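The lines below spell out each chain.
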Amino acid sequence: MAAVEQGDSAMGIKDLKARMKSGETLVSTFLKTPSVDLIEILSGSGLDFIILDAEHAPFDRMRLDACLAVGRALDFPLLVRVPAGTPDELLKVLDAGAVGVVVPHVDSAEKAQAIARGSRFGKGGRGYAGSTRWAGFATRTMPEVLAQSVEETIVIAQIEEPEGVDAIDGIAGCDGIDGVFVGPADLSVAMGQTDINSAELGAAMKRVGEAAKEHGVAYITWVPGAAKAQEWAQYGFTTYVAGSEHAWMLQGARNVVSEIKG
C-alpha cells in the first residue's frame, strides 16, 4: 500500500515516543469510525498520530486488526484507547500493531503499575510472541523485538476521577508510564460539574501538569478545537487530542451548507 503524502508535521512510528517525551507539541484525534479508508486519508493530514477509540466506538477485534495493519503499512502511528486496562485488552492491540495504549480511569498508582506491567515484556507482564504483526511475523530475533518494545511502546494513563488527581505523583512517576491524559469531560462529571469550563477542572489540570513535568512524562488532553488548546496551554499540555472525525465531518458539512445557503 502506498502511503498518502504526509503533512509537514507528521513523522513515522519510530519517532513518536521520543517526540512525545521531548515535550514537542503534538496533535492527534480520536477515530471512532472503524474504517481503513479514514486512516489512509488522515495519514496525510499532518496529524502526528491517531487514537482508535475502542472504548466508546464499535471497534471489534477484526476491525482493529485491519486498521492497525494499515497504520503499520503507512508508517503512521496508531494508539488504541482500550475499554479497560486488563492484560488481555492490552495484549491484543499491541500484538496487532498498536504503537501504544491509552487506558481509561487510572485512579491509583497500583492501576498505573498494572497497566505498565501488562504492556511490557517481563515476569508477570505482556506475553511474548515473535510471530505477531507488531513483531514482524517471526522475521526478527528476540533481542530485536524486546528492544523494539523499549524504544516504541507508549503507555498513557487517563486521569478521569478526583482520586486520580490525588494520586498523580504515583501515577506519573510509575516506571513504564509514558504520559498522563486528563479526560476533561469525565473528570468534570466526576467532580459534579456540568461543563469543562470550571475552576475546579483548571486546578486539577494545573496539579496534574506539575506532576507530569516533574516526572518527565507527556501531558495530554482532549480539546474540541484550537481555541480551547490555546486556553489550556497554560497548564503545560504537550499533546492535544482534537475532537474526532465525527465532529470534523459534521462541522465541515455544516460550514458548507451555511456558506451555500447564506
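That block above? That's the structure.
Owing to the predicted nature of the structure, the values given are computational and were not obtained by experimental measurement.

> Just checking my understanding: could you explain a nonpolar patch on the surface for this structure?
Taken together, Y128, M142 and L146 make up a surface patch of nonpolar side chains, about 260 Å² in accessible area. Judged by its relative accessible area of 34%, Y128 is partly exposed.

> How should the packing of aromatic side chains be read in this particular structure?
Centre distance and the angle of the planes are the two values used to describe a pair of aromatic rings. On inspection of all chains with the given rule, the structure shows 6 aromatic pairs. When the ring of F121 is compared with that of W134, the centres are 6.0 Å apart and the planes differ by 50 degrees; the resulting orientation is tilted. Separated by 13 residues along the polypeptide, F121 in the loop between α5 (109-118) and α6 (142-152) and W134 in the loop between α5 and α6 bring together distant segments of the chain. Across the pair, exposure class does not vary: F121 and W134 are buried alike. Among the aromatic side chains, those forming a connected cluster through ring pairs are Y219, Y235, F237 and Y240. One Lys or Arg, K32, reaches over the ring of F30 and ends 5.5 Å from the middle of that ring. The lysine or arginine in question, R126, covers the ring of W134, its NZ or CZ lying 4.4 Å from the ring centre.

> How do you make sense of the pattern of salt bridges when you look at a structure like this?
Once the charged atoms of two side chains with opposite charge are near each other, the side chains can pair. Following the criterion strictly, the structure yields 17 salt bridges and no others. Here E89 and K92 are joined by a salt bridge, their closest N and O atoms 3.2 Å apart. Of the two residues, E89 and K92 are both situated in helix α4 (residues 87-96); the distance of 3 residues between them amounts to about one turn of the helix. A residue is classified by how much of its surface remains accessible, and K92, at 24% relative accessible area, is partly exposed.

> Got a minute to help me understand the sheet that holds strand β2 (residues 50-53) in this structure?
Sheets are built from strands paired through backbone hydrogen bonds, the pairs being either parallel or antiparallel. Around the barrel, 8 strands lie side by side as β1-β2-β3-β4-β5-β6-β7-β8; this closed barrel has parallel pairing. Across the sheet, the mean angle separating the axes of adjacent strands is 25 degrees when strand polarity is ignored. Relative to strand β8 (residues 239-244), strand β7 (residues 218-223) runs parallel, the two sharing 4 bridges. When the sheet's bridge partners are listed, V223 is paired in β8 with A242. Helix α10 (residues 199-215) rests against β5 (154-159), β6 (179-182) and β7 of the sheet, and its axis sits at about 150 degrees to β7.

The rules behind each value
- Residues numbered from 1 in each chain as written.
- Predicted model: local features only at pLDDT ≥ 70, side-chain atom pairs only at ≥ 80, totals over all residues.
- Heavy atoms only, no water.
- Patch = residues over 30% accessible without salt bridge, like charges linked within 9 Å, V, L, I, M, F, W, Y side chains within 5 Å.
- Areas by Shrake-Rupley, 256 points an atom, 1.4 Å probe, with all protein chains shown as cover.
- Salt bridge = Lys/Arg side-chain N within 4 Å of Asp/Glu carboxyl O.
- Buried < 20%, exposed > 50% of the residue type's maximum accessible area, 1.4 Å probe, protein only.
- Phe/Tyr/Trp six-rings, centres within 6.5 Å; stacked < 30°, edge-to-face > 60°.
- Helix = DSSP H or I, 4+ residues; strand = E, 2+ residues; numbered from the N terminus.
- Lys NZ or Arg CZ within 6 Å of the ring centre and 35° of its normal.
- Pairing = 2+ DSSP bridges.
- Axes fitted to C-alpha atoms, helices over the stretch in contact; angles between N-to-C directions.
- Contact = heavy atoms within 4.5 Å.

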